[in-house]
Amino acid sequence: MSKRQRALVIGGSIGGLFAAHWLRSTGWDATVFERVGDDLASRGAGIGTHDELRAVIRRLGLTVDETIGVWVHLRQCLDLAGRVTHELATSQMQSSWARIYRLLKDTFPIADYRFGMSLERIEQDAGGVTAVFADGSRARGDLLVGADGVRSTVREIIFPGAQPRYAGYVAWRGLVDEPAFPEKHRDLFERYTMCFPEGEMMLCYPVPGRDNDTRPGRRGYNHIWYRPTDLERALPDLCTDASGRCHGQSIPPPLIRPEIAARIKADARRLLAPQIADVVAQTELLFFQAVFDLESPAMAADRVALVGDAAFVARPHVGAGVTKAAMDAEALAAAIRGADGNLDSGLARYDSERRPFGSRVVARARGLGAYIEAQLKPLAQRTEREKQPSPEYLMREIGTINLDLKALSA
Ligand SMILES: Cc1cc2nc3c(=O)[nH]c(=O)nc-3n(C[C@H](O)[C@H](O)[C@H](O)COP(=O)(O)OP(=O)(O)OC[C@H]3O[C@@H](n4cnc5c(N)ncnc54)[C@H](O)[C@@H]3O)c2cc1C
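Note that the structure is predicted; figures quoted are calculated from it, not measured. (Residues numbered from 1 in each chain as written. Predicted model: local features only at pLDDT ≥ 70, side-chain atom pairs only at ≥ 80, totals over all residues. Heavy atoms only, no water.)

Chemist: Break down the packing of helix H6 (residues 258–271) against helix H7 (residues 274–281) for me, citing the residues and quoting the values.
Modeler: Running from N to C, H6 and H7 point in directions that differ by 170 degrees, and their axes come no closer than 8 Å. By the angle class used here, H6 and H7 are roughly antiparallel. On H7, the residues touching Lys265, Ala268 and Arg269 of H6 are Pro274, Ala277, Asp278, Val280 and Ala281. (Axes fitted to C-alpha atoms, helices over the stretch in contact; angles between N-to-C directions. Helix = DSSP H or I, 4+ residues; strand = E, 2+ residues; numbered from the N terminus. Parallel < 35°, antiparallel > 145°, perpendicular 65-115°, else oblique. Contact = heavy atoms within 4.5 Å.)

The structure is reproduced here in structure tokens:
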């Protein structure tokens, strides 16, 4: 019997876990190497899901039931006075990064998931690929999968020119536990609510609560507010802690200066529907993530493949990050299996299937966020495409489901 092939999966978040599960299901050994020292489940926030994500999870043989997320059947748009201006009946399940992570991690063999392993270097030769880690240890395999996110070390090694590009805005985020949700706005809780102040975008929806609980009374209410933030002054200021240290283009949430969080809450009173401002005011920990676009020139090179955010990052407006990572992982395993042991042709097929998809998702999400990015330009310089779309259009297209992903896959 021939020896089982071994994949070294770098990055143990959602993309890495999907890749390792899928490769194992097609007869490979797969070991995950994660830089962080212990369980990642406390990080992350609410995510939109698509039918394709649930389908990929089912095809892996994992359980998809009502504990995966919270269904929302109505979208609505509120004006500054808090009146409903538009409604749209449409169903979408909202989940959380932690819920999907737990599902994948708890069903993966503990011995093959290694925490505290930070990839530094890759060595390749005709017989295999070696991963070299920061602690000096090495692992040898037949394939290395870079699932190490937007700041991927793997991508930096194989495609150093492919860098994330800041979109010109940040997403302010927060979660309110259902018991703390303002009682007088109870009717809001089950809805996907949007506000569109000039050049900005606020989205709010229910998600699994802490402990990933989806039962009424234990859920959470997630909000995400996209706001133009210039790269030269405003972003470094947001990323500077109370001691005056700038942490780069992100900052650990507890280090965000209290006066900045207070300013966001005050801006919410000025710019958003009063109900939504109340929800923001009720949020204990406000944090932000800068929004980036990233496109890689290819999904694979030699014995290395990229999946998920390491390869392509679309702005969150299509809500496709987790779904795309799941689809990449399944396609990678299928392409390799279909190539009957010829890794080169398997990886070539993977690239030809998934690269166009990645590029189209990035372009589509960029289009949806173009009006926010354009706020940093003088009005006269903005193109037609950079004008703020109607609330009806945004309400229909944001985080849209099924059809988009299928059309994009074509
Ligand atoms: C504001 C915002 C909103 C979002 N909303 C949604 C949404 O609604 N729906 C959705 O599907 N997605 C959403 N996403 C995207 C989603 O979070 C990611 O796409 C998803 O987590 C898949 O990412 P990944 O596994 O490829 O990478 P990541 O989740 O970034 O994981 C990469 C992993 O690699 C590890 N790592 C990094 N470097 C190394 C190294 N050198 N060695 C070893 N390990 C390493 C990291 O520690 C990390 O665990 C959103 C993202 C943002 C920023």
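From this point, things continue past the structure.
Chemist: Before we move on, could you go through the packing of helix H1 (residues 14–25) against helix H3 (residues 97–106) and cite the residues and values that matter?
Modeler: Closest axis-to-axis distance for the H1/H3 pair is 10 Å, and the angle between their directions is 30 degrees. Taken together, the axes of H1 and H3 lie roughly parallel to each other. Handedness of the crossing formed by H1 with H3: left-handed. Of the residues in H3, those touching H1 at Ile14, Leu17, Phe18 and His21 are Trp97, Ile100, Tyr101, Leu104 and Lys105. Taken together, the residues that form the contact of H1 with H3 break down as 7 nonpolar, 1 polar and 1 charged. (Left-handed = near helix turned anticlockwise from the far one by under 90°. Nonpolar A, V, L, I, M, F, W, Y, C, P; charged D, E, K, R; others polar.)

Chemist: Hey, could you go over the pattern of salt bridges for me, with residue numbers and the actual values?
Modeler: In total, this model carries 36 salt bridges according to the counting rule given. Measuring nitrogen to oxygen at the nearest pair gives 2.9 Å for the salt bridge that ties Arg140 to Asp125. Highlighted residues: Arg140 in strand S9 (residues 138–141) and Asp125 in strand S7 (residues 119–125), separated in sequence by 15 residues. Here Arg140 falls in the partly exposed class, since its relative accessible area comes to 39%. Judged by its relative accessible area of 40%, Asp125 is partly exposed. (Salt bridge = Lys/Arg side-chain N within 4 Å of Asp/Glu carboxyl O. Buried < 20%, exposed > 50% of the residue type's maximum accessible area, 1.4 Å probe, protein only.)

Chemist: So what's going on with the sheet that holds S7? Which residues, and what values?
Modeler: Taken together, 3 strands build an open sheet; the order of strands is S7-S8-S9 and the sheet is antiparallel. Taken across any chain shown, the strands that pair with only one partner, and hence form the sheet edges, are S7 and S9. The average undirected angle you get between the axes of adjacent strands in this sheet is 20 degrees. Where strand S8 (residues 128–133) and S9 come together, 4 bridges link them in antiparallel fashion. Bridge pairing in S9 links Thr130 to Arg140. (Pairing = 2+ DSSP bridges.)

Chemist: How would you explain the sheet that holds strand S11 (residues 165–177) if you had to name every residue and give the values?
Modeler: Spatially, the 9 strands line up as an open sheet ordered S3-S5-S4-S12-S13-S14-S11-S15-S18, and their pairing is mixed. Each edge of the open sheet carries a strand with a single partner, namely strand S3 (46–48) and strand S18 (312–313). Across 3 bridges, the pairing between strand S12 (residues 192–195) and strand S13 (residues 201–207) is antiparallel. Of the residues in S13, the one forming a bridge with Cys195 is Met202. Running over the sheet, H3 touches S3 and strand S5 (84–96) and is turned about 25 degrees from S5. On top of the sheet, helix H9 (residues 343–373) reaches S11, S13, strand S14 (220–228), strand S15 (287–295) and S18; it is set at about 130 degrees to S15, its chief contact.

Chemist: Just give me the short version of the nonpolar core, but keep the residues and values in it.
Modeler: Grouped together as the largest cluster of nonpolar side chains are 98 residues, with contacts concentrated most on Phe18, Ile100 and Leu143. Of all the elements, H9 adds the most residues to this core, at 10 residues. Among residues more than four places away in sequence, those in contact with Ile100 are Ile14, Phe18, Ile47, Leu53, Ile57, Ile68, Ser95 and Val322. Counting residues in each nonpolar core, the second largest holds 34 residues, with Tyr166, Leu188, Leu235 and Ala268 among its members. (Core = buried A, V, L, I, M, F, W, Y, C linked by side-chain atoms within 4.5 Å.)

Taken by themselves, the reported measurements are silent on function.
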